Amino acid sequence: MKIFTTKKEITDYFNRKPVKVIGFVPTMGALHKGHLGLIELAKQQSTQVVCSIFVNPTQFNDPKDLEKYPRPIADDIRRLEEVNCDILFNPQVTEMYDDNEKWHFELGDLEHLLEGKFRPGHYQGVTQVVYKLFNIVKPDVAFFGQKDYQQVMVINKMIEKLNMPIKLVMCPIEREADGLAMSSRNIHLTPYDREHSLVLSRTLNWVKENFDKAKIAELQQQAAQLISAEPGVELEYFEIADGKTLHPATEASESFVALVAARVGKTRLIDNVLLN
């Protein structure tokens, strides 16, 4: 695996060796099986696969969250080599950002719903860094995980509005054997938290099994009660949303997704399930 830390290095490499299909998996590191699944899928659909590891400061609205975000780079490199990733792009913050850089991308309602409501400014930071990475790597196909469903919608909107020649692939959520969605943040869960975190996937599955678009409000209320009753779990939102807009779902919606965010102990977790 080739490792590049500057824009010039990776640009020069692709200028010297043009590639038919570049597959790209942008990450913030602390890689787990979910990330590696994205890379394995990218390998099936690409000539060369680039993974980026960059903990992007502009998408954190809590400085403490940024500070404690895990950065096990040696372990990440080993994992990428095990799945035969072709290229790692691992830049420093100074390589990606100039001082006092300004950015605003018009995302409409999508920016202020759900995650956007609880993490104001988050999606501005996401679009800012992904736009930069897309312009550096110039991928043909980009792979993102379904766990960040709203993020996939945000990136898709940016690609469409800017007419970027990139195909976006959303990959299914990878889960632990007991159902917990894989996340880099899971390492912060205590054994007690870990046990009680399972209420999220359990409730999502219950909603999927009992889904009836005539009973959306009732299902949503029951799901919120189930999660709120779990010890050590503080619910932020549980929403059955329109899969295309993320507005609250109605009987007229064509696709449905249930999304949840909660604090389990000191760790914030998100999860979702497609309902049809």
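Residues numbered from 1 in each chain as written. Predicted model: local features only at pLDDT ≥ 70, side-chain atom pairs only at ≥ 80, totals over all residues. Heavy atoms only, no water.

Colleague: Any chance you could explain the nonpolar core here in plain terms?
Modeller: Inside soluble globular proteins, nonpolar side chains tend to come together where they are buried. If you look at the biggest cluster of nonpolar residues, it comprises 45 residues, and the most contacted ones within it are Ile10, Val50, Phe134 and Leu246. No other element matches the eight residues that helix H7 (residues 122-137) contributes to this core. Residues Leu189, Leu198, Ala258 and Leu269 belong to the second largest nonpolar core, which totals 23 residues. (Core = buried A, V, L, I, M, F, W, Y, C linked by side-chain atoms within 4.5 Å. Buried < 20%, exposed > 50% of the residue type's maximum accessible area, 1.4 Å probe, protein only. Helix = DSSP H or I, 4+ residues; strand = E, 2+ residues; numbered from the N terminus.)

Colleague: I'm lost on the pairing of strand E6 (residues 167-171) in this one. Help?
Modeller: Moving residue by residue along a regular strand, the side chains alternate between the two faces of the sheet. Where strand E5 (residues 141-145) and E6 come together, five bridges link them in parallel fashion. Across the sheet, phenylalanine 144 pairs through a bridge with methionine 170, a residue of E6. Regarding topology, helix H8 (residues 149-161) serves as the crossover connection from E5 to the parallel E6, and that connection is right-handed. (Pairing = 2+ DSSP bridges. Right-handed = clockwise from strand over helix to strand, strands pointing away.)

Colleague: How should the sheet that holds strand E7 (residues 233-242) be read in this particular structure?
Modeller: Consider a sheet: its strands pair through backbone hydrogen bonds, and that pairing is either parallel or antiparallel. Taking strand neighbours across the sheet as the criterion, the three strands line up as E7-E8-E9 in an open arrangement whose pairing is antiparallel. A single partner strand is all that each edge strand has here, and the edge strands are E7 and strand E9 (267-274). Neighbour-to-neighbour, the strand axes of this sheet turn through a mean angle of 15°, independent of strand direction. Pairing analysis gives nine bridges linking E7 to strand E8 (residues 256-264), with the strands arranged antiparallel. Following the sheet pairing, glutamate 239 is matched in E8 by leucine 259. Taken strand by strand, helix H10 (residues 216-228) contacts E7 and E8, and its axis lies near 160° from that of E7. (Axes fitted to C-alpha atoms, helices over the stretch in contact; angles between N-to-C directions. Contact = heavy atoms within 4.5 Å.)

Colleague: What is the right way to look at the sheet that holds E5 in this model?
Modeller: A sheet is described by the order of its strands in space; here six strands give the open sequence E1-E4-E3-E2-E5-E6, paired in parallel fashion. In this open sheet, the two edge strands, each paired with only one partner strand, are strand E1 (2-4) and E6. This sheet shows a mean twist of 25° between the axes of neighbouring strands, independent of strand direction. Here helix H1 (residues 7-16) sits on the sheet and contacts E1, strand E2 (22-27), strand E3 (48-53) and strand E4 (87-89); the angle it forms with E4, its principal contact strand, is near 150°.

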